[in-house]
Amino acid sequence: MAGETVITVTGNLVDDPELRFTTAGAAVARFRVASTPRVYDKQAGQWSDGESLFLTCSAWRQLAENVAESLTRGARVIVTGRLKQRSYDDREGIKRTAYELDLDDVGPSLKTATATVTKATRTNAPQPAQQPAADAWASSTPRPQYADEPPF
């Protein structure tokens, strides 16, 4: 949708993703990400932590199930999605504002870790009604090889 604020945040999961299902059966995973900037203090000659940003993140459907299966508290992640603002009155009647991220994608940060990627199978993927047609761009004639052509 036009006009939405899309942001990308790198941070650590504050808690394990909580997987739930709507009454219609759609999966939703919620978790919080903390992003803390590091700033260098020239006078002290050392790095220190800035103020942390905590964002509640929501992932839907297959992304939600993959997140719940793959990520745990403390994991460093890169999340991207649409920033939402919600205003409400707390128990004392004070007006509050919450910022949440409706996720489009999530990935582990490989800056300080490694990951093994396994392609997830879709459980309710639509089945094609017929066999796909042969590739119209494929050629049965082999290309001639030239001496100066790279071998790839």
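Here's what I pulled together on the structure shown here. Bear in mind the structure is a predicted one, so any value in this text is a computation, not a measurement.

**A look at the side chain of Ser-109**
So, point 1. When you line up the elements, Ser-109 lands in the segment after strand S8 (95-108).
So, point 2. Residue classification places Ser-109 among the buried positions, given a relative accessible area of 7%.
So, point 3. Among the polar contacts made by the side chain of Ser-109, one reaches the main-chain amide nitrogen of Lys-111 at a distance of 3.4 Å.
So, point 4. Residues within four places of Ser-109 in sequence aside, it is in contact with Arg-76, Val-77 and Ile-78.

**Quick notes on the pairing of strand S7 (residues 76-89)**
So, point 1. With seven bridges connecting them, strand S1 (residues 6-13) and S7 associate as antiparallel partners. Residue pairing across strands places Thr-10 opposite Ile-78, the latter belonging to S7.
So, point 2. Both S7 and S8 contribute to a ladder of 13 bridges, which runs antiparallel. When the sheet's bridge partners are listed, Leu-83 is paired in S8 with Leu-101.
So, point 3. The hairpin turn running from S7 into S8, its antiparallel successor, is five residues long, and Gly-93 in that turn takes a positive phi close to 85°.

**Some thoughts on the pattern of salt bridges**
So, point 1. In this structure the tally under the stated criterion is nine salt bridges.
So, point 2. The residue Lys-95 makes a salt bridge to Asp-89 at a minimum N-O spacing of 3.7 Å.
So, point 3. A single salt-bridge network, built from bridges that share partners, covers Arg-82, Asp-102 and Asp-104.

**What to know about the environment of Gly-81**
So, point 1. Summarising the element assignment, Gly-81 is placed in strand S7.
So, point 2. For Gly-81, a relative accessible area of 0% translates into the label buried.
So, point 3. Distance in space between the C-alpha atoms of Gly-81 and Leu-101 is 5.9 Å, their sequence separation being 20 residues.
So, point 4. Ignoring sequence-local partners within four residues, the contact set of Gly-81 consists of Thr-5, Val-6, Ile-7, Leu-101, Asp-102, Leu-103 and Asp-104.

**Let's talk about the pairing of strand S2 (residues 18-21)**
So, point 1. Relative to strand S3 (residues 27-35), S2 runs antiparallel, the two being bridged by four bridges. Note on S3: the bridge partner recorded for Arg-20 is Val-28.

**Some details on helix H1 (residues 61-70)**
So, point 1. Looking only at H1, the buried set comprises Leu-63, Ala-64 and Val-67. Relative to the axis of H1, the buried residues are bounded by an arc of 100° and lie together on one face. Exposed side of H1, more than 90 degrees from the buried face: Arg-61 and Glu-69 are the residues found there.
So, point 2. Among the structural elements, S2, S3, strand S6 (53-60) and S8 are those in contact with the buried residues of H1.

**Structural notes on the side chain of Ser-35**
So, point 1. Within the secondary structure, Ser-35 sits in strand S3.
So, point 2. A polar contact is formed between the side chain of Ser-35 and the backbone oxygen of Thr-10, at a distance of 3.0 Å.
So, point 3. Excluding anything up to four places from it in sequence, Ser-35 contacts Val-9, Thr-10, Gly-11, Glu-51, Ser-52 and Leu-53.

Conventions adopted
Residues numbered from 1 in each chain as written. Predicted model: local features only at pLDDT ≥ 70, side-chain atom pairs only at ≥ 80, totals over all residues. Heavy atoms only, no water. Helix = DSSP H or I, 4+ residues; strand = E, 2+ residues; numbered from the N terminus. Buried < 20%, exposed > 50% of the residue type's maximum accessible area, 1.4 Å probe, protein only. Polar contact = N/O pair within 3.5 Å; in protein donor to acceptor, adjacent residues only side chain to side chain. Contact = heavy atoms within 4.5 Å. Pairing = 2+ DSSP bridges. Salt bridge = Lys/Arg side-chain N within 4 Å of Asp/Glu carboxyl O. Arc of directions from axis to C-beta.

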